Structure formats: C-alpha cells, structure tokens
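# A structural walkthrough
Read off the chains here:
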Amino acid sequence: MNIVKKTLASFLVIAAALVSTSANANSAGDAKVRAAAEGTVAKVEEAVSLLDKGADKAEVLKALGEVRQLQKEFRYEQTERLRQKAGDKLKVARDEIEKGDANGPASLKATLDLYKEMLKVYLAAH
C-alpha cells in the first residue's frame, strides 16, 4: 500500500509540473504574439505618418521592412488568412511606394486596416 501511495504522489507531482510548464509556455507565447501584433500595427501607422509628412522614401521603406519582420511573429490561427492577405497587400504597397506610384499611400492604409482587423480578432479571443 505504501508503494502505491508513493507512486501516486510521484505521478501527481509530475502531472502538476507538466501543467504548470505548459501554462507558462502558452502565456509567454501569447505575450510574444501580442507584442508582434501591436508592433506591426504601430509600424504601419508610423509608415503612413511618414508618408503623410512627406518623409524620405528610404525612411518609409525601412519602417515597412520592420513591419514585414514583425508580421511574421503575428501568427494566430483565426487570423491566418487575413495575415496572408495583409502580407500580399504590404508587398504591393511597398512596391508602389518604392516606384513612387500615387496608389502607394492608399494601399498602405488598406494594409493598416487589415492589420487592425487582425489585432481586433486576436484581442477578442485573448
């Protein structure tokens, strides 16, 4: 009987440790995704602001490069299709801005709307 109690106690300690570890890992992952989401929206807003102020094209493209990196971390199953769509839109906006196309600012603002929608969906679920 004593062996059964010790085995059961060991099992419970291991199970508690596993649950605790997975909860902490999930929390850290959520924080990383949230930071990437908020950073992505902030950087797109910064790029839009730079365009509105007539900033140098290199500054705008640098901000868009940072958006591209941040959006890779902004992964959430319910927004995956939106993320792909926003990434495609970001590429188009970046190309238009690089070429000096007049549609660049409008494309960038449409991209911003997609990222804001993704953030809204993410925050509603967390």
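Residues numbered from 1 in each chain as written. Predicted model: local features only at pLDDT ≥ 70, side-chain atom pairs only at ≥ 80, totals over all residues. Heavy atoms only, no water.

For the rest of this paragraph, the subject is the environment of R68. Counting through the fold element by element, R68 comes out in helix 2 (residues 57–73). By relative accessible area, R68 is classed as partly exposed at 46%. Between the C-alpha atom of R68 and that of K91, which follows or precedes it by 23 residues, the distance is 8.8 Å. (Helix = DSSP H or I, 4+ residues; strand = E, 2+ residues; numbered from the N terminus. Buried < 20%, exposed > 50% of the residue type's maximum accessible area, 1.4 Å probe, protein only.)

Before going further, it helps to examine the packing of helix 3 (residues 80–99) against helix 4 (residues 104–125). Running from amino to carboxyl end, helix 3 crosses helix 4 at an angle of 160°, the nearest separation of the two axes being 8 Å. Between helix 3 and helix 4, the angle falls in the class roughly antiparallel. Considering how the two elements wind past one another, helix 3 and helix 4 form a crossing that is left-handed. Where helix 3 abuts helix 4, its residues L82, R83, K85, A86, G87, K89, L90, V92, A93, E96 and I97 lie against G104, S107, L108, A110, T111, L114, Y115, E117 and M118. Taken together, the residues of the contact of helix 3 with helix 4 break down into eleven nonpolar, four polar and five charged. (Axes fitted to C-alpha atoms, helices over the stretch in contact; angles between N-to-C directions. Parallel < 35°, antiparallel > 145°, perpendicular 65-115°, else oblique. Left-handed = near helix turned anticlockwise from the far one by under 90°. Contact = heavy atoms within 4.5 Å. Nonpolar A, V, L, I, M, F, W, Y, C, P; charged D, E, K, R; others polar.)

One way to put it is that helix 2 packs onto helix 3 with a least axis distance of 11 Å and a crossing angle of 165°. The orientation of helix 2 relative to helix 3 falls into the category roughly antiparallel. Crossing of helix 2 over helix 3 shows left-handed handedness. Across the interface between the two elements, K57, V60, L61, L64, G65, V67, R68, Q71 and K72 of helix 2 pack against R83, G87, L90, R94, I97 and E98 of helix 3. Tallied by class, the residues present in the contact of helix 2 with helix 3 amount to six nonpolar, three polar and six charged.

On to the packing of aromatic side chains, then. All chains considered together, the criterion is met by two aromatic pairs. Between F74 and Y122, the ring centres sit 6.3 Å apart and the planes meet at 90°, which makes this aromatic pair edge-to-face. One end of the pair, F74, is in the loop between helix 2 and helix 3; the other, Y122, is in helix 4, and 48 residues separate them in sequence. A single burial state applies to F74 and to Y122, both of which are buried. An aromatic cluster is built from F74, Y76 and Y122, whose rings are joined through pairwise contacts. (Phe/Tyr/Trp six-rings, centres within 6.5 Å; stacked < 30°, edge-to-face > 60°.)

Below, the discussion takes up the confidence of the model for the protein chain. With 78% of its residues at a pLDDT of at least 70, the protein chain reaches an overall mean of 83. Taken together, the stretch residues 21–25 has pLDDT below 50 and engages in zero contacts with residues farther than four places along the chain or on a different chain. (pLDDT = per-residue confidence, 0-100.)

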